Amino acid sequence: MSNFVQGFLDNDSFFGKFMTKLGIIIGANLMFVLCSIPFVTVGAGLVGLYHVMLKTLRGDGVVNPFKEFWIGFKNNFKQATISWLIFVVLAVALYFDLKICNAAGGMFATFKYGVYALVAILVVSFCFLLPTMAAFADTIPHLIRNGWFFCCRRPFQSLVMLFFDVFPLYLTYTDMRMLPLYAFLWCMLGFGAIAMLGSTLLLKQFNEFLPKDEEDVVYDPTDDEDKMLEDLRMMDGL
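Fair warning: this is a prediction, and the values are worked out from it, not measured in the lab.

### Some words on the packing of helix α2 (residues 14-35) against helix α3 (residues 42-58)
- One can describe the packing of α2 onto α3 by two numbers: an axis separation of 9 Å at closest approach and a directional angle of 165 degrees. Taken together, the axes of α2 and α3 are roughly antiparallel relative to one another. Crossing handedness for the pair α2 and α3: right-handed. Contact residues: α2 offers K21, I24, I25, A28, N29 and F32, while α3 offers V42, G45, L46, L49, V52, M53, T56 and L57.
- Partitioning the contact of α2 with α3 into residue classes produces ten nonpolar, three polar and one charged.

Structure representation (structure tokens):
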């Protein structure tokens, strides 16, 4: 019996690995919450989360979430912050466009469907930009393009990822009775769990373009083979 309990609690057991991964998710999530308090740093915090999750999945499953989060946060701070602020500005502009279309009525109300399409494009672009930025070093336009490349490559997986990126947030803001519980879950592990799910779904695709060794280089996945060899870029710490 003691051997069974010891084996169950061993770090190499399923339970041990699960608890280790859960601890990493909670640690990285707490770092994200703290680093996102200024609001303008939310983008860098999300990329830091993805950096931790990708690092965990690509390694032996044991990383220091606080150290790795800070590495991802710091290395991508400028690009992630610019991307986040652009996303917020465009989202606010589209929100007011919808309000105007609904208030105007008549034929102007039909323009709201075009706005909905723009909202969908904006959300998909941002959701796939974050993990792509955490895995690859490149310019923002190239990272957005590569994010769409990964999105369109596995449509079903992309829909699953987008559902879990969007629906929990929608549920949180529409079910006010459960808001205290939702707030607790978000602060403890919500953002980290979603980042872990997204990293798990995308990692198989990323691994085709990521180097086997951490000292290797990474290339732009949408270029042809000759262009890849010419445009090698350093990997973002994975």
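Picking up after the structure, the text goes on.
### Structural notes on the packing of aromatic side chains
- Going through the model one piece at a time under the given rule, you end up with 20 aromatic pairs.
- A ring pair is formed by W186 and F191, whose centres lie 4.6 Å apart and whose planes are at 40 degrees; its orientation type is tilted.
- W186 sits in the buried class, given a relative accessible area of 12%.
- Looking at F191, the relative accessible area reads 26%, which means it is partly exposed.
- Among the aromatic residues, those joined into a ring-pair cluster are F136, F149, F150, F206 and F209.

### Section: the confidence of the model for the protein
- For the protein, mean pLDDT is 86; residues scoring 70 or higher make up 84% of the total.
- Contacts of residues 214-221 to residues separated by more than four positions or lying in other chains number 35 contacts, the stretch itself having pLDDT below 50.
- Below pLDDT 50 for its whole length, residues 223-237 participates in 38 contacts with residues either more than four positions away or in separate chains.

Reading guide: rules and limits
Residues numbered from 1 in each chain as written. Predicted model: local features only at pLDDT ≥ 70, side-chain atom pairs only at ≥ 80, totals over all residues. Heavy atoms only, no water. Axes fitted to C-alpha atoms, helices over the stretch in contact; angles between N-to-C directions. Helix = DSSP H or I, 4+ residues; strand = E, 2+ residues; numbered from the N terminus. Parallel < 35°, antiparallel > 145°, perpendicular 65-115°, else oblique. Left-handed = near helix turned anticlockwise from the far one by under 90°. Contact = heavy atoms within 4.5 Å. Nonpolar A, V, L, I, M, F, W, Y, C, P; charged D, E, K, R; others polar. Phe/Tyr/Trp six-rings, centres within 6.5 Å; stacked < 30°, edge-to-face > 60°. Buried < 20%, exposed > 50% of the residue type's maximum accessible area, 1.4 Å probe, protein only. pLDDT = per-residue confidence, 0-100.

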